[in-house]
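# Structure at a glance
Here is how the chains run, residue by residue.
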Amino acid sequence: MSKVIKNGTIVTADLQWKADVLIEGEHIAQIGENLSGDEVIDATDAYVIPGGIDPHTHLEMPFMGTTAHETFESGTFAAAAGGTTMLVDFVLPGEDGSLLNAIDDWDRKSRDQICTDISYHMAITGWNEKIFAEMEEVVHKRGINTFKHFMAYKGALMVEDDEMFASFRRCAELGALPLVHAENGDIVQELQQKYLAEGVTGPEGHAYSRPPEVEGEAANRAIMIADAAGCPLYIVHVSCEQAHEAIRRARQKGMRVYGEPLIQHLTLDETEYFNKDWQYAARRVMSPPFRNKMHQDSLWAGLAAGSLHVVATDHAAFSDEQKRMGVGDFTRIPNGTGGLEERMAMLWTKGVETGRLTPEEFVAVTSTNIAKILNMYPLKGGIMRGGHADLVVWDPGIHRTVSVATQKSIIDYNVFEGMELKAAPRYTLSRGEVIWAHGQNSQPRPGRGRFVSRPPFASASQALSKWKALNTPRKIERDPMNIPAGV
Ligand code: DUC
Ligand code: ZN
Ligand code: ZN
Ligand code: ZN
């Protein structure tokens, strides 16, 4: 059974053109004019784009004394309904500290639930010989080439600089890419105590205790540590000019540093935390917090200029009841918001419809760039013969208002509630299968999604030789007669 997507305008990260796409099985078989197939998918008056890839989600993640309420099933259904055909979830080590056991655990949780394809990043939350050894198997046998480091969440997930440096060096050796959550966890903890002591207990205290300087400092430090270790670096949820500036500077020096803003930071601002309704404000507590307009403008500029590369969500969705764990103490509000379902349409509405981004740039930052950065292009992230037929018939004619009543996410609210979205998927295809059709509302089969293995980077050896060059001590032959006694 072949399928053909007819009469649409294909948009890739490079260009737009009118052509049909023939799909055989799971793959794109041909792109051209007047193609025919067993089944026709109509793309008249619509774009045909690569399926969205959200590289930053936390489904069913144990965190801050609870577990993120969005499941692998509801999360991937929400993704499909929003035009996202793949996500990359963060695996956190459990109590035994084993990376491999944690991956097995994530597989057990996700396997029978996922409606879209999935991949993992592995979190490094401490450092010892076992972790050092297991990293090799993670990269070479488990198909995970990215390791995430939390510079915040002191006493829980946070790593110290020496641990980060050791892990980055290991990444360079193995051909893996380190990721960082860049916030100075020591300063955050100090500021949290200060505001609590002053009687600031509400969600606004969350924003006060995590100012942009805290993020800028950590971003700069991570970049320098990566440079010293000889590895590239990916900074997740870049929310402010200070972190963006650090990335621009590093890139101008030839460092491979990637920046990932979130759709929430691009579209929602800090005034949300000053809402009189505690629950309203608490729903929006995430780290880093929302910023002001100046920072938002910086992020939009970075996407257009190419100094920021990927728009993600950090989808970590907690219910109203879970958020209430932090009544009377903002440091106990589970950090996280949703966005998986709205990411593509929000970016289109606030980016393409306003002229801030071209449709090609939209495709680059929602799919193609991250497929390249994570080493899975062109199997994912493009429209190319032989690639997976992960495609979206993207229809700027479908407008809808975000509402908790119609969303596929199982969270009891939506931080974008009431906003108008000016595009939606008419069809979402994952490996050739239609998993979402506008107006039909049916859920794809849980368990149909697959784990996508990502091989190590070939450039690792280059990175390693740079590191060796930096760290090979020069032998200095001193005149033995001139060495003072006792040395
Ligand atoms: N930030 C959040 O808001 N939630 C999950 C983890 C994180 O870094
Ligand atoms: Zn984070
Ligand atoms: Zn995250
Ligand atoms: Zn295949």
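Residues numbered from 1 in each chain as written. Chains lettered and ligands numbered in written order. Predicted model: local features only at pLDDT ≥ 70, side-chain atom pairs only at ≥ 80, totals over all residues.

## Here's the deal with the overall build of the protein chain
Scanning the protein chain for helices and strands turns up 15 helices and 21 strands. Taking 23 Å as the expected radius of gyration for a compact globule of 487 residues, we find that the protein chain reaches 23 Å, a close match to that expectation. For the protein chain, the C-alpha atoms occupy an extent of roughly 90 × 55 × 40 Å along the three principal directions. Within the protein chain, the fraction of its 487 residues that count as buried is 55%. In the protein chain, once contacts between residues fewer than 6 apart in sequence are set aside, the share between residues at least 24 apart is 77%. (Helix = DSSP H or I, 4+ residues; strand = E, 2+ residues; numbered from the N terminus. Rg over C-alpha atoms; globule rule 2.2 N^0.38 Å. Buried ≥ 20, exposed ≤ 12 C-beta atoms within 10 Å, placed from the backbone. Contact = placed C-beta atoms within 7 Å.)

## Here's the deal with the environment of Met294
Looking at the secondary structure, you find Met294 in helix H11 (residues 293-305). The class of Met294 is exposed, set by 10 C-beta atoms lying within 10 Å. In sequence terms Met294 and Gly418 are 124 residues apart; their C-alpha atoms lie 24 Å from each other.

## Considering the sheet that holds strand E13 (residues 146-150)
Spatial ordering of the open sheet is given by E8-E11-E12-E13-E14-E15-E16, a layout of 7 strands whose pairing is parallel. Only two strands of the sheet have a single partner each, and these edge strands are strand E8 (52-57) and strand E16 (257-259). Averaged over all pairs of adjacent strands, the angle between strand axes in this sheet comes to 25°, irrespective of strand direction. Where E13 lies against strand E14 (residues 177-181), 5 bridges are found, and the strand directions are parallel. Across the sheet, Lys148 pairs through a bridge with Leu179, a residue of E14. (Pairing = 2+ DSSP bridges. Axes fitted to C-alpha atoms, helices over the stretch in contact; angles between N-to-C directions.)

## Concerning H11
An ideal rise of 1.5 Å per residue puts 18 Å on 13 residues; H11 measures up with 18 Å between its terminal C-alpha atoms. Regarding H11, the residues found buried are His295, Gln296, Ser298, Leu299, Gly302 and Leu303. Axial view of H11: buried residues confined to an arc of 160°, hence all on one face. In H11, the exposed positions angled more than 90 degrees off the buried face are occupied by Lys293, Met294 and Ala305. Packing partners of the buried residues in H11 comprise helix H7 (212-229), helix H8 (241-252), E16, helix H9 (263-267) and helix H14 (359-373). Trailing H11 by a residue or two, Gly306 shows a phi angle of about 90°, which is positive. (Expected span 1.5 Å × (residues − 1). Arc of directions from axis to C-beta.)

## Description of the nonpolar core
The biggest cluster of nonpolar side chains holds 134 residues, and the ones touching the most others in it are Val21, Val48, Ala219, Ala222, Leu233, Ile235 and Val393. When sequence neighbours within four positions are dropped, the list of residues in contact with Leu233 reads Pro178, Val180, Ala222, Ile223, Ala226 and Val257. (Core = buried A, V, L, I, M, F, W, Y, C linked by C-beta atoms within 7 Å.)

## Details of the site of ligand 1
As a structural note, the neighbourhood of ligand 1 is formed by His58, His181, Met286, Ser287, Asp314, Ala316, Asn335 and Gly336. Taken together, the residues of the shell around ligand 1 break down into 2 nonpolar, 5 polar and 1 charged. (Near = placed C-beta within 6 Å. Nonpolar A, V, L, I, M, F, W, Y, C, P; charged D, E, K, R; others polar.)

## Topic: the pairing of strand E4 (residues 20-24)
Within E4, 4 of the 5 residues are buried, which leaves the element mostly enclosed by the surrounding structure. Bridge count for strand E1 (residues 2-6) against E4 is 4 bridges, and the pairing is antiparallel. Looking across to E4, one finds that Val4 is bridged to Leu22. Taken together, the 5 bridges between E4 and strand E5 (residues 27-32) define a ladder with antiparallel strand orientation. Counterpart to Ile23 in the pairing with E5 is Ile28. Linking E4 back to E5 in an antiparallel pair, the connection comprises 2 residues, with Gly25 at a positive phi of about 60°.

## Points about the packing of helix H4 (residues 161-174) against H7
Interaxial distance between H4 and H7 falls to 9 Å at its minimum, and their mutual angle equals 45°. Classified by the interaxial angle, the pair formed by H4 and H7 is oblique. Like other packed secondary-structure pairs, H4 and H7 cross with a definite hand, here right-handed. On the side of H4, the interface is formed by Asp161, Met164, Phe165, Phe168, Arg169 and Ala172, while H7 contributes Ile225, Ala226, Ala228 and Ala229. For the contact of H4 with H7, the residue count by class is 8 nonpolar, no polar and 2 charged. (Parallel < 35°, antiparallel > 145°, perpendicular 65-115°, else oblique. Left-handed = near helix turned anticlockwise from the far one by under 90°.)

## Points about the sheet that holds strand E20 (residues 424-430)
Sheet architecture is open: 6 strands sit in the order E3-E2-E7-E17-E20-E21, paired in mixed fashion. The two strands at the open ends of the sheet, each matched to only one other strand, are strand E3 (16-18) and strand E21 (433-437). Direction aside, neighbouring strands of the sheet carry axes that sit 25° apart on average. Of the strand pairs in this sheet, E20 and E21 are connected by 4 bridges, and their pairing is antiparallel. Bridge pairing in E21 places Ser430 opposite Glu433. Its contacts with the sheet place H14 against strand E2 (9-11), E3 and strand E7 (47-50), and it is angled at close to 35° to E7.

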